[in-house]
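Structural overview
In case you want the letters, here they are:
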Amino acid sequence: MRAASDAITVTGLHKHFGRVYALRGIDVQVGQGEFFGLLGPNGAGKSTLINILAGLTHADSGQARICGHDVVSDYRAARRALGVVPQEIVFDPFFSVREVLAIQAGYFGMKGEENRRWREELLETLMLADKGDANMRSLSGGMKRRVLIAQALVHKPRVVILDEPTAGVDVELRTSLWTFARRLHAEGHTIVLTTHYLEEAELLCNRIAIMKDGCIAALDTKEALLRRALRKTLCVTVEEVVGDLPEALAAKVRRREAHSLEFSLQKGSDSIPAVLEALRTAGYTVVDIATDQADLEQVFLELTRGAA
Ligand SMILES: Nc1ncnc2c1ncn2[C@@H]1O[C@H](COP(=O)(O)OP(=O)(O)O)[C@@H](O)[C@H]1O
Ligand SMILES: [Mg+2]
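Figured I'd write up the structure that's included with this text. (Residues numbered from 1 in each chain as written. Chains lettered and ligands numbered in written order. Predicted model: local features only at pLDDT ≥ 70, side-chain atom pairs only at ≥ 80, totals over all residues. Heavy atoms only, no water.)

Description of the packing of helix α3 (residues 97-107) against helix α4 (residues 113-125)
Contact pair α3 / α4: the axes reach a minimum separation of 11 Å and the direction vectors enclose 135 degrees. Compared by their axis directions, α3 and α4 come out oblique. As α3 packs across α4, the resulting crossing turns out to be right-handed. Contact residues: α3 offers Val97, Arg98, Leu101, Ala102 and Ala105, while α4 offers Asn115, Arg119, Glu120 and Leu123. When the residues that make up the contact of α3 with α4 are grouped by side-chain class, the tally is five nonpolar, one polar and three charged. (Axes fitted to C-alpha atoms, helices over the stretch in contact; angles between N-to-C directions. Helix = DSSP H or I, 4+ residues; strand = E, 2+ residues; numbered from the N terminus. Parallel < 35°, antiparallel > 145°, perpendicular 65-115°, else oblique. Left-handed = near helix turned anticlockwise from the far one by under 90°. Contact = heavy atoms within 4.5 Å. Nonpolar A, V, L, I, M, F, W, Y, C, P; charged D, E, K, R; others polar.)

As structure tokens, this is what we get:
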């Protein structure tokens, strides 16, 4: 367990909607200054978790804190420390971009000149300066998404959660969102990024949680998750399975059939020629070989499919 001043502390969160169990006991801590990835297929429970953190939904049981503030009993302080860019784009179409941001500032009691200047800076940074007085309904999808980001940052929150910000956006906007998220992180914000693009998590995040069916299927540093991906499978077809293998080799066998042996090897340390040589020494005649290399995508699929 980490200190109470972690950016996000979640313990034993459960949430159901009717008969659907969206969260089944989630425990996760995100430290200050992390760039944290939340991965998982559709329906895994990512948005439900985020909505609980934002105080938009209440959990059935469990606790969630933002910078040490409970999201229920200390809602205002928790909410003030958090900026959420929601997955769904919902706006009142009749407000202008500047009005949307001013309303959000008012919601946090930030009406002064300093905040107004910050809002203008956000418009500049997010390339919305010339759209400030345009009505929301006149904006393209990509622009609306940028307004959502500006809206989440109006009160300069320490923790920023982006819920699938790049789903369905074009490559150019995606790249500029990555640059912007990196900049926020460099400026000291804690970032939680929800995505189902693995390459995005791999590019940006230090630690990654993989959610599946309302549970956390894996939670580790990016490097450790990638290390899991550093396995490769070697399938060897032999004339016949003749007898005992040397112990070191037997430990790597994953499947054994009448004419084939499947080995699970560690990339880098286990060499295929060495395995083949050991097989020959043990009296096997190798007829054919095939290999299959795992990557992060396969680790993800394996975990989220629930395969052994
Ligand atoms: N307001 C709601 N009412 C009923 N079911 C919901 C509601 N919100 C989410 N769910 C269900 O909870 C599960 C998790 O959804 P969600 O948190 O949106 O997943 P994700 O963001 O990972 O795609 C899904 O089965 C979804 O249909
Ligand atoms: Mg979602």
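What about the site of ligand 1?
Taken together, Phe17, Val20, Ala22, Pro41, Asn42, Gly43, Ala44, Gly45, Lys46, Ser47 and Thr48 are the residues near ligand 1. Between ligand 1 and lysine 46, the relevant distance is 2.9 Å, taken from an oxygen atom to a side-chain nitrogen or oxygen of the residue. Threonine 48 has a polar side-chain atom sitting 2.5 Å from an oxygen atom of ligand 1. Look at ligand 1: alone it shows 560 Å² of surface, and the protein chains cover 60% of it. Mapped onto the shell around ligand 1, the elements with two or more residues apiece are β2 (20-30) and α1 (46-53). Among the elements that line the shell around ligand 1, the one with the most residues is α1, at three residues. The residue makeup of the shell around ligand 1, split by class, is five nonpolar, five polar and one charged. (Near = heavy atom within 4 Å. Polar contact = N/O pair within 3.5 Å; in protein donor to acceptor, adjacent residues only side chain to side chain. Areas by Shrake-Rupley, 256 points an atom, 1.4 Å probe, with all protein chains shown as cover.)

Some points on the layout of surface pockets
In this structure, the largest pocket spans a volume of roughly 430 Å³. Surrounding the largest pocket, 17 residues form its lining, Leu56, Arg79, Val84, Pro86 and Gln151 being those nearest its centre. Among the residues making up the lining of the largest pocket, the classes are represented as nine nonpolar, five polar and three charged. (1 Å grid on protein atoms, 1.4 Å probe; cavity = no way out; pocket = protein on both sides within 12 Å on 5 of 7 lines; lining within 4 Å. Points joined across faces, edges and corners; volume = space filled by probe spheres on them.)

Quick word on the sheet that holds strand β8 (residues 190-195)
Judged by pairing direction, the sheet is mixed, and its six strands sit side by side in the order β6-β7-β8-β3-β9-β10 without closing on themselves. On the outer flanks of this sheet lie β6 (82-85) and β10 (215-221), each paired with one strand and no other. Ignoring strand direction, the axes of neighbouring strands in this sheet form an average angle of 15 degrees. Pairing of strand β3 (residues 35-39) with β8 involves five bridges; the strand directions are parallel. Bridge pairing in β8 places leucine 38 opposite threonine 194. Along the sheet face, helix α5 (residues 141-153) touches β6 and β7 (159-163) and points at about 170 degrees away from the line of β6. (Pairing = 2+ DSSP bridges.)

Points about the coordination of the magnesium ion (ligand 2)
At the metal site, the magnesium ion (ligand 2) is ligated by Ser47 (OG) and Gln87 (OE1), and these contacts range over 2.1 Å. Of this pair, serine 47 sits in helix α1 while glutamine 87 sits in the loop between β6 and α3, placing them 40 residues apart in sequence. Its relative accessible area of 22% is what places serine 47 among the partly exposed residues. (Donors = N, O, S within 2.8 Å, 3.2 Å for Na, K, Ca; no water. Buried < 20%, exposed > 50% of the residue type's maximum accessible area, 1.4 Å probe, protein only.)

Re unusual backbone geometry
One non-glycine residue, cysteine 67, lies in positive phi territory at about 45 degrees. Position of cysteine 67 relative to the elements: it lies in the loop between β4 (61-66) and β5 (69-70). Residues other than glycine seldom take positive phi values, yet glutamate 164 does so here, at roughly 50 degrees. Mapped onto the elements, glutamate 164 comes out in the loop between β7 and α6 (171-186).

Here's the deal with the pattern of salt bridges
Per the counting criterion, the structure on display carries twelve salt bridges. Among the salt bridges present, the one from glutamate 262 reaches arginine 254, with a minimum N-O distance of 3.0 Å. On the accessibility criterion, arginine 254 (46% relative accessible area) is partly exposed. Ionic pairing is found between arginine 255 and glutamate 262, a salt bridge with its closest N-O pair at 3.1 Å. When its relative accessible area of 48% is taken as the criterion, arginine 255 is described as partly exposed. According to the relative accessible area criterion, glutamate 262 is buried, its value standing at 10%. Each member of the salt-bridge network shares a partner with another, and the members are Arg254, Arg255, Glu257 and Glu262. (Salt bridge = Lys/Arg side-chain N within 4 Å of Asp/Glu carboxyl O.)

Remarks on the packing of aromatic side chains
Counting across every chain of the model gives one aromatic pair. Between tyrosine 107 and phenylalanine 108, the aromatic rings sit 5.0 Å apart at their centres with planes inclined by 80 degrees, giving edge-to-face as the arrangement. Here phenylalanine 108 falls in the buried class, since its relative accessible area comes to 5%. A cation over a ring is seen here: lysine 156 above tryptophan 118, with NZ or CZ 4.7 Å from the ring centre. (Phe/Tyr/Trp six-rings, centres within 6.5 Å; stacked < 30°, edge-to-face > 60°. Lys NZ or Arg CZ within 6 Å of the ring centre and 35° of its normal.)

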